[in-house]
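Examining the three-dimensional arrangement
Take a look at the letters that make up each chain.
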Amino acid sequence: MRGKLTLLVLIVALNIFAKNNPVLNFKYFDKKNGLISAYINDIEEDSKGFIWISSKGGLNRLIGEKIVSYYYNLNDSTTIPGSNILCLYNDSKDQLWVSGYEGISIYNEKLDNFIRMASPKYPNGLKEFNVVKFIEDANQKLYVASLKRVYLYIPEKKSFIEVAHVPNGNIQDFIITNDQQIWIGTDDYPGLYVYNLNSPEQRLDNHNIFHQNFNFITSITFKNNIVYWGTRQDGVYSYNPKNHQLKHFLNDVPDSNNIVFIGTDNTNQIWTCDYTGIKLFDETKGTFYGYYPDRSNTSIKENAKRIFQDSQGNYWVLHHPGGVGLSIKQKGFLNINNLPKETMYTTSRDCANFIKDDDGNLWIGSFGGTIDIFDKNQNIIHRFNAGARGLSKGSILHLGKSKNNTILVAIYNAGLFEYNKAKNVFEKYNPNTKKTFSNQDIRSSVIDDNKFWIATHGKGIDCLKNGKIINYNSLNSNLTNDWTNQLLISSKGDLWVATSWGISILKKGEVDFQRIYSSNEFNNGLTNNHIVCLFEDRRNNIWVGTERGLCKYNEDTQNFTSFFPNENICAIADDNYGNIWFTTTSNLIQLNPITNESLVFDDLDGIKVTEFIPKSTFCDIATNTIYFGGVDGGIIFNPDHLLHNITPPEIEFTSLKLFNKEVNYIDNPEIISQSIYNTKEISLKYYQNVFTVSFESNNFINQDKNLFSYKLEGFDKEWILNGSKKEVTYTNIAPGKYTFKVKSCNNDGVWNNKPKELIINIIPPWYKRAVTHYVVVLILVVLIFILVKIRTRHLEIQQHILQRQVNDKTKELVESNNELQTQAEYLLELNEKLEERQTKIERQSAILKSQAQNLSKANKELKVLNETKDRLFSIISHDLISPFNSILGLTELLKDDSAEINPKEQKLLAHKINSSAQRVFNLLQNLLIWSKTQSDAVIFNPKPIILYRVISDAIAL
């Protein structure tokens, strides 16, 4: 019996996985968290995205993580209308309506109180005050249902008029259809009433419509022109007014037909609440998918009263009692573990290995030795326990494929096993060789053409080819380390080996490995030598996961670019858009390798894996589905289907404190004139310059990931990141006008571009205020004016005295001036005479100076002449010596030896004497001419000469 039930659960799980129903993981709020009561009546979202919760003890407002409480005070009509708040409604005008046993109120945000619209003392048209529901029609007219009546609110008169009345029972719920019909569900016979708003007096008879009665209708809703209602003990009904088709839906689960609520969410899906839990109703199939309480800390509690979806897509479940459960909008990660309630239910707790066979079935191997095969065709799971069907007991370390595409299973220290599909058993892998693999601790396998590569832990790698096994290790082939972890055949046909100490690459066609280490010697960017995993993306980039970061290999530079150097990388995959997905010990990270932007996903995003397993990943390219495994399960996701929160969060100021004491408009009207929620500007005195501003974000999705940034304009120069802290304190701020700005980003890092602003006026002391300065300046101006007037009068008197003195002095000066004029005329005449004498002296001085210059010039010329004459005489003496020596010598010869000299010789001697005398004569002739040139007695009369003769005569001298 248990086996059949398990199989049924598995089939349902696989079908649900295909349909992808919402995954709900609840976090609960109750009195311990600040709620007034655990007996919750209603819930509503206001226009700012904050949540209001009504309960048996009062009203709560959830502003982010801050819970504000509102209580009833009998003597104060601005408080909530009673201790037991029944229902809430935020209308199209952004007015929050609140109903209680003491009437109806509207929330006044300006003063953070309530305006009473109707009460037993001032009913304003109401006859009962236990209002069960507010609703607006298509024309935005507001209707209110109490015990037996439905009222229309008239805004102009601020009063209510009755539009419908039920004769039997009390109203539990009502709706208004598009054709202006009111459908009312009651707790007594006949159960259902239909009124036409166009003619309210006309009530449609139940028997004429349905031909039956409904004794207790608890809730009613409307979808696609079809009315749905839930009943006590009788399940769900639907009615189509167009074809008058009535349908009845029952649930086989015991107590599931006691419907306490039925309604639609933001996507128009129908939900029900009953005694067993909540259910998603598929009206086309008439089936329910249930969410039930279990022992996990994220399951739904009992006594669910209503389910509500806010504008962010979060689901809220109300309990009476039990508080409020919040299931935030899931990111889209599906969890795998051994809990039957999960989408994919495995035998063992961990998911160590993934692979898909040729039939498209997913295989999951575990460290516990079990294998689960998710058969998509039969919608069942085939399970192999440790040691069953031929498997050895031990941790499954690797799932791979053989050359024949059969599934291979590597078991710790037990070797490799091959799945025989025909026999549905596992057989020890037979390489058909004389030699076996070097080690039975196999960690990875790959196929390259006709080669089958095996990575062993401690013995290097084995290559099976042509019936032979060849071992490659650190001694015979330059392998970096014999403790290998993973193998990869790149798109270029190169074999990459991840080892416990470095990377080895066997280029295609080569026999020795290239080693790559992380060291100062290599300086290649590799962050660590313990290589955990290898991966080649769809752009043919090689990625390396190490114990200290993720590295991307650059083929051109043969270097690595590192990412997240402090993370232990476990497994790597990619998606259709080129994003890299990888797991660290505790997180899943998405990396855009082009922009280097990253997103970190953890348990807050719905990932229940607390520790990921190295190399545990599989990427189904056909469906763009990625699998990662961990020690306590695994995750499945399609990056295309992940739901990112793209809505920028809004911010609300929640409190203002001075010296750590909260201020409000009641106790401190001089500081704040209205509630902090509606305040735009505050005023502080100069000694109140230590203040704290608190704020919250309306993002309820993973609130721990909300970040805040602030700036006090006029004081801070840059925006300051405040992390997840939701308050800012400033001290010793100088007087002046400032603008405090704060902005926030949501759990997915989307920032709001328009910050929330609060103007802060710090008023200076009186002596530093502008008015004081103006008064002081005015006083100074008046004093200066008075002083100027006094000084002016004094100066006028002084001027009169001075004028009289000036006149006297002027007379004296005139007389003195006349006397001086006479003396000046005399001096002028004397000066003229002196000037004449001076002119004469200057003239004589010029003549003397000219004569002196002439004498000096003549003296210089005489000196030059004397020097020239001395040189001339010296030259003449020299030139006369030679001819005279000739004459004297020849005459001496004639005198002494005349008898011996024949006539011819005598004639020759006479000729020579004549020549010497002629030269002397010419010399004297030249001397005479020169003397004439010195006395300027030579007349210039140029004529042609024979230059040769002149030169010859000169040489002959």
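Labelled according to an unreviewed UniProt entry, the protein chain appears under the name histidine kinase, originating from Plebeiibacterium sediminum. Under Catalytic activity (unreviewed entry), UniProt gives the following word-for-word description of the protein chain: "ATP + protein L-histidine = ADP + protein N-phospho-L-histidine."

Following the UniProt record, the feature "transmembrane region" (unreviewed entry) maps to residues 771-788 here. Each end of residues 771-788 is marked by a C-alpha atom, and these two atoms are 25 Å apart; helix forms 100% of the span and strand 0%.

Quick look at a nonpolar patch on the surface now. A contiguous nonpolar patch, built from Val771, Tyr774, Val775, Val776, Ile779, Leu780, Leu783, Ile784 and Val788 and spanning about 850 Å² of accessible area, is present on the exposed surface. With respect to the element layout, Leu780 can be found in helix α3 (residues 770-897). A residue is classified by how much of its surface remains accessible, and Leu780, at 46% relative accessible area, is partly exposed.

So, about the packing of aromatic side chains. One pass over the full model with this rule turns up 50 aromatic pairs. When the centroid spacing of 6.5 Å and the interplanar angle of 75° are considered together, the rings of Trp97 and Phe160 count as edge-to-face. With Trp97 in strand β7 (residues 96-100) and Phe160 in strand β13 (residues 159-165), the pair connects residues that are 63 residues apart, well separated along the chain. The pair Trp97 / Phe160 is uniform in exposure class, with both members buried. Summarising the aromatic geometry, the rings of Phe384 and Tyr419 are spaced 6.1 Å apart at their centres and angled 70° between planes, so their arrangement reads as edge-to-face. Of this pair, Phe384 sits in strand β34 (residues 380-384) while Tyr419 is found in strand β37 (residues 415-420), placing the two residues 35 residues apart along the sequence.

Let's shift gears to the pattern of salt bridges. Taken as a whole, this structure holds 31 salt bridges when the rule is applied. Here Arg149 and Glu128 are joined by a salt bridge, their closest N and O atoms 2.3 Å apart. Placement of Arg149 in strand β12 (residues 149-154) and of Glu128 in the loop between β9 (113-118) and β10 (133-136) is noted, with a sequence separation of 21 residues between them. What makes Glu128 buried here is its relative accessible area of 12%. One salt bridge in this structure joins Asp748 and Lys331, with 2.5 Å as the shortest N-O distance.

This part takes up the UniProt feature "coiled-coil region" (unreviewed entry) in the protein chain. The positions UniProt marks with the feature "coiled-coil region" (unreviewed entry) are residues 817-868. Secondary structure content for residues 817-868 is 100% helix and 0% strand, while the C-alpha to C-alpha distance between its ends is 72 Å.

Glycine aside, a negative phi is what most residues show, and trans is what most peptide bonds show. Tyr189 connects to Pro190 through a cis peptide bond whose omega is 0°. With a phi angle near 60°, His244 is a residue other than glycine that sits in the positive phi range.

Criteria and cut-off values
Residues numbered from 1 in each chain as written. Predicted model: local features only at pLDDT ≥ 70, side-chain atom pairs only at ≥ 80, totals over all residues. Heavy atoms only, no water. UniProt positions renumbered as here; feature names shortened; annotations may be inferred. Helix = DSSP H or I, 4+ residues; strand = E, 2+ residues; numbered from the N terminus. Patch = residues over 30% accessible without salt bridge, like charges linked within 9 Å, V, L, I, M, F, W, Y side chains within 5 Å. Areas by Shrake-Rupley, 256 points an atom, 1.4 Å probe, with all protein chains shown as cover. Salt bridge = Lys/Arg side-chain N within 4 Å of Asp/Glu carboxyl O. Buried < 20%, exposed > 50% of the residue type's maximum accessible area, 1.4 Å probe, protein only. Phe/Tyr/Trp six-rings, centres within 6.5 Å; stacked < 30°, edge-to-face > 60°.

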